[in-house]
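Coordinates in review
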Amino acid sequence: MRVHEFQARQLLAEAGVPVPTGGVATSVHEAVQAAEGVFAAGGSIAVVKAQVHAGGRGKAGFVKVCRSVDEARSAAEFMLSHRMVSPQTPPEGLEVKRLLVASGVDIAKEFYVAVLTDRGSRRNVLIASAEGGVDIEHVAATRPEAILKQPLDPVAGLHPFAARLLAFRLGFTGKAVNQAADILLKLARTFVQKDATLAEINPLVLTPASRDHPDGQVIAIDAKFTFDDNALFRQKQVEAFFDPAEENPAEIRAHAFGLSYVALNGTIGCLVNGAGLAMSTMDLVKLHGGEPANFLDVGGGASEEAVTEAFRIILSDPRVNGVLVNIFGGIMPCDRIARAIIASAKSVGFQVPLVVRLEGTNVHEARRLLESARTEMPTMQTAWDLTDAARRIVAAVGRA
Ligand code: GDP
Ligand code: MN
């Protein structure tokens, strides 16, 4: 599960990481009020930031550093009336429904720090770079040596000496060393305590030297967290951060019907039962030159309504040029699937090629039902096995 930056900042602040204060606004009026608050409190910068579940906001013009209330107003007006398009959003962009208006800081240097699970080494690992900010992807791709990696001890987490060493290697000096090391420790601890799958601060900034802080201050000004869905039952605070407005509507609808649906980028909709069969179906589609448009697992005991809903979800994706149904009827008999297919043909309509492969309980009854509905489903073909099914749908849709 993904959360908003303002929610991630809240978790960091609660863990004791220095984060500038800010407020959430859903209208220009609220944003202006929040900016007035920042300047009234003696701040010289208010930052207006779109709250969407995607990064790359700075380059897209959806993070604005403002020196006056008027600047904050125009930034808010722009962001709330334009969709944000960045390399991390769909091509049509994302609607911005909320803004964070935070007090800003002067920046001497930007760093990147994150904790995530490295499957290769089977450890949580802290990664850090002295070249943080909006070009970290470019740094990682072209100069991997500029990215430092520190595995976390599975029991003890990040050792304090390892945190200090990292702070030195990142180039912090004087009093900023301890501040940075402390933040790294708190970030690593929060990652584990909250069952996160990613805890990223980018940028972590060092402020310029001042009279009160001759070595500068280390402050987190952007945060991105994701969490393990399977742990949400014991993370009530995180669960409450869920924002349905930011999720794929089809995935939410599927969830309501007990279907596991993941949208992918291809053209072949796959309706399958069981995660293992779903995986092998996607493998076969790819092996034969196609690209799956989704992963849709109707599960073991789906009702006819749930299966009809599954077809509706698949067919509502304009990229879907064909549908492959691959069901092994066990607890769910094949004839129920056949009835759902026929019902969907009536209520939703199949304009695109449909390949059906059924096997298992009541398969003969299911085939009879499908045969008798052939005139209502001119685009339907039946297949005898998995390979035959994958070949047929790829032939009907065309290779990716
Ligand atoms: P992202 O582009 O979605 O990752 O959004 P960020 O919150 O990381 O902001 C992008 C960039 O805007 C940062 O790397 C900074 O260079 C700049 N920025 C953000 N907040 C501040 C701030 O408080 N002060 C200054 N001077 N720059 C900021
Ligand atoms: Mn950032």
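Everything numeric here is computed off the predicted structure, so don't read it as measured data.

So, about the nonpolar core. Ranked by size, the top nonpolar core spans 44 residues in total, and within it Leu12, Leu158, Phe172 and Phe225 carry the most contacts. Looking at this core, the elements that each hand over two or more residues are helix H1 (5-14), strand S5 (109-118), strand S6 (123-129), helix H6 (160-169), helix H7 (175-193), strand S8 (196-206), strand S9 (218-220) and strand S10 (223-227). Leaving out residues up to four positions away in the same chain, leucine 12 has contacts with Val17, Val19, Leu187, Ile201, Ala220, Ala223 and Phe225.

Near ligand 1 lie 17 residues; those nearest to it are Lys49, Arg57, Gly58, Val105 and Glu110. For ligand 1, an oxygen atom lies 2.7 Å from a polar atom in the side chain of arginine 57. In the environment of ligand 1, an oxygen atom lies 3.0 Å from a nitrogen or oxygen atom belonging to the side chain of aspartate 222. Contact with the protein chains hides 85% of the accessible area of ligand 1, taken as 560 Å² for the molecule alone. Elements that contribute at least two residues to the shell around ligand 1 include exactly strand S2 (46-50), helix H3 (57-60), strand S3 (63-66) and S8. Tallied by class, residues from the shell around ligand 1 come to eight nonpolar, five polar and four charged.

Inspection of the entire model under this criterion finds four aromatic pairs. Taking the centre distance of 5.2 Å and the plane angle of 45 degrees together, the rings of phenylalanine 62 and phenylalanine 78 count as tilted. One end of the pair, phenylalanine 62, is in the loop between H3 and S3; the other, phenylalanine 78, is in helix H4 (residues 69-81), with 16 residues separating them in the sequence. On the accessibility criterion, phenylalanine 62 (2% relative accessible area) is buried. With relative accessibility at 30%, the residue phenylalanine 78 sits in the partly exposed group. With a centroid separation of 5.3 Å and 90 degrees between ring planes, the pair formed by phenylalanine 311 and phenylalanine 350 is classed as edge-to-face. Separated by 39 residues along the polypeptide, phenylalanine 311 in helix H11 (residues 304-315) and phenylalanine 350 in the loop between helix H12 (334-347) and strand S15 (354-360) bring together distant segments of the chain.

Let's shift gears to the sheet that holds strand S11 (residues 260-263). Ordered by their spatial adjacency, six strands build an open sheet running S11-S13-S12-S14-S15-S16, and the pairing between neighbours is mixed. Taken across any chain shown, the strands that pair with only one partner, and hence form the sheet edges, are S11 and strand S16 (380-382). The mean inter-strand angle of the sheet, taken between neighbouring strand axes irrespective of direction, is 15 degrees. Relative to strand S13 (residues 294-297), strand S12 (residues 268-272) runs parallel, the two being bridged by two bridges.

Here is what the cut-offs are and how they apply
Residues numbered from 1 in each chain as written. Chains lettered and ligands numbered in written order. Predicted model: local features only at pLDDT ≥ 70, side-chain atom pairs only at ≥ 80, totals over all residues. Heavy atoms only, no water. Core = buried A, V, L, I, M, F, W, Y, C linked by side-chain atoms within 4.5 Å. Buried < 20%, exposed > 50% of the residue type's maximum accessible area, 1.4 Å probe, protein only. Helix = DSSP H or I, 4+ residues; strand = E, 2+ residues; numbered from the N terminus. Contact = heavy atoms within 4.5 Å. Near = heavy atom within 4 Å. Polar contact = N/O pair within 3.5 Å; in protein donor to acceptor, adjacent residues only side chain to side chain. Areas by Shrake-Rupley, 256 points an atom, 1.4 Å probe, with all protein chains shown as cover. Nonpolar A, V, L, I, M, F, W, Y, C, P; charged D, E, K, R; others polar. Phe/Tyr/Trp six-rings, centres within 6.5 Å; stacked < 30°, edge-to-face > 60°. Pairing = 2+ DSSP bridges. Axes fitted to C-alpha atoms, helices over the stretch in contact; angles between N-to-C directions.

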